[in-house]
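Breakdown of the fold
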Amino acid sequence: MKFIKKIIIIVFCLSLIPIAAVATVGAKARFDDGPNRVFSGGPLIAGDLHTGPEPDWSFVESISTIEMQLLDPPLSRRIWTAEYGGKVYVWSGYMGTTVGRLWKRWPSQAERDGRAIIRINGVRYERELKRIKSGEVLEGITAAITAKYPSQTTRTAVEEGGVWVFEMAPRS
Amino acid sequence: MDKTMKNFYWFTAAAVVLTVLAVLFFPGVEDFVERTFQRYLGQAAR
């Protein structure tokens with residue numbers, strides 16, 4: 001019994017090392033202007049704020065990821081994006097699993113308050129995230145997603161709730 | 001507490017402090033930690 005207790009203590013102590021590493025990276029990211037890979041970053045501060053007419057979003061087809069910040073909470077993350085029909089979209093997979101929902105909290109936060117700022121090529125855009133749960137438009141959006149990324153997102157996956165898709169509409 | 005365990009606790013404490021310092025101040029460590037974490041997280045979320 002004493003031996004098993006000792007083993008448990010050793011495993012626990014050793015696990016503190018990677019936990020400390022991950023926690024430090026996560027905490028450090030909160031103070032950055034923008035996100036890194038996994039961890040949320042701080043608010044998007046740098047960059048001109050876009051004003052004027054709605055841009056031609058087709059330029060995002062050549063951009064791998066964008067930075068997106070919700071106003072509440074003011075945290076940013078790096079995210080895939082796709083354009084379809086002159087509109088620009090973001091999405092989150094893994095929403096059908098518990099780990100996924102714990103990891104990806106921004107979709108439910110965006111559903112509560114969709115106000116967001118995105119930064120592309122150093123320019124910030126004020127947007128309003130609007131979730132799309134069903135409809136014909138999902139055929140086109142998911143086709144645009146799978147054409148751009150190594151993703152198997154389908155309309156069915158979106159309608160079943162495994163993938164949450166948001167249109168980044170202009171903020172009114 | 002026997003001496004071996006006491007030394008082990010000191011080793012763990014030193015390793016945790018060094019890890020935190022490495023992440024904060026050594027270029028590339030943060031990126032490595034994040035890439036590794038992302039890989040495991042991605043597998044767990046599937």
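Look a little higher up for the structure.
Here is a short report on the structure shown in this document.

**Quick look at the overall build of chain A**
If you tally the helices and strands in chain A, you get five helices and eight strands. Secondary structure elements of chain A occur, N-terminal to C-terminal, as α-β-β-β-β-β-α-α-β-β-α-α-β. Counting only C-alpha atoms and orienting by the principal axes, one finds that chain A spans roughly 70 × 40 × 30 Å. Here chain A holds 172 residues, and 30% of them are scored as buried. Contacts spanning at least 24 positions in sequence make up 61% of the contacts within chain A whose residues lie at least 6 apart.

**Thoughts on the interface of chain A and chain B**
Each side of the interface is counted separately: chain A has 19 residues, and chain B has 17 residues. When residues of the side of chain A that touches chain B are traced back to their parent elements, those giving at least two are α1 (2-29) and α2 (98-103) of chain A. Each residue belonging to the side of chain A that touches chain B can be placed in one class, and the counts come to 13 nonpolar, four polar and two charged.

**Here's the deal with the nonpolar core**
Core analysis: the largest hydrophobic core is formed by 29 residues, its most contacted members being Y89, W91, A116, V165, F166 and M168 of chain A. For this core, the secondary structure elements donating two or more residues are β2 (65-70), β4 (82-84), β5 (87-92), α3 (106-112), β6 (115-120), β7 (123-132), α4 (137-148) and β8 (164-170) of chain A. Excluding anything up to four places from it in sequence, W91 of chain A contacts I145, T153, V163, W164, V165 and F166 of chain A. Counting seven residues, the second-largest nonpolar core is a separate cluster that includes A21, V25 and F39 of chain A together with V33 of chain B.

The rules behind the values
- Residues numbered from 1 in each chain as written.
- Chains lettered and ligands numbered in written order.
- Predicted model: local features only at pLDDT ≥ 70, side-chain atom pairs only at ≥ 80, totals over all residues.
- Helix = DSSP H or I, 4+ residues; strand = E, 2+ residues; numbered from the N terminus.
- Buried ≥ 20, exposed ≤ 12 C-beta atoms within 10 Å, placed from the backbone.
- Contact = placed C-beta atoms within 7 Å.
- Nonpolar A, V, L, I, M, F, W, Y, C, P; charged D, E, K, R; others polar.
- Core = buried A, V, L, I, M, F, W, Y, C linked by C-beta atoms within 7 Å.

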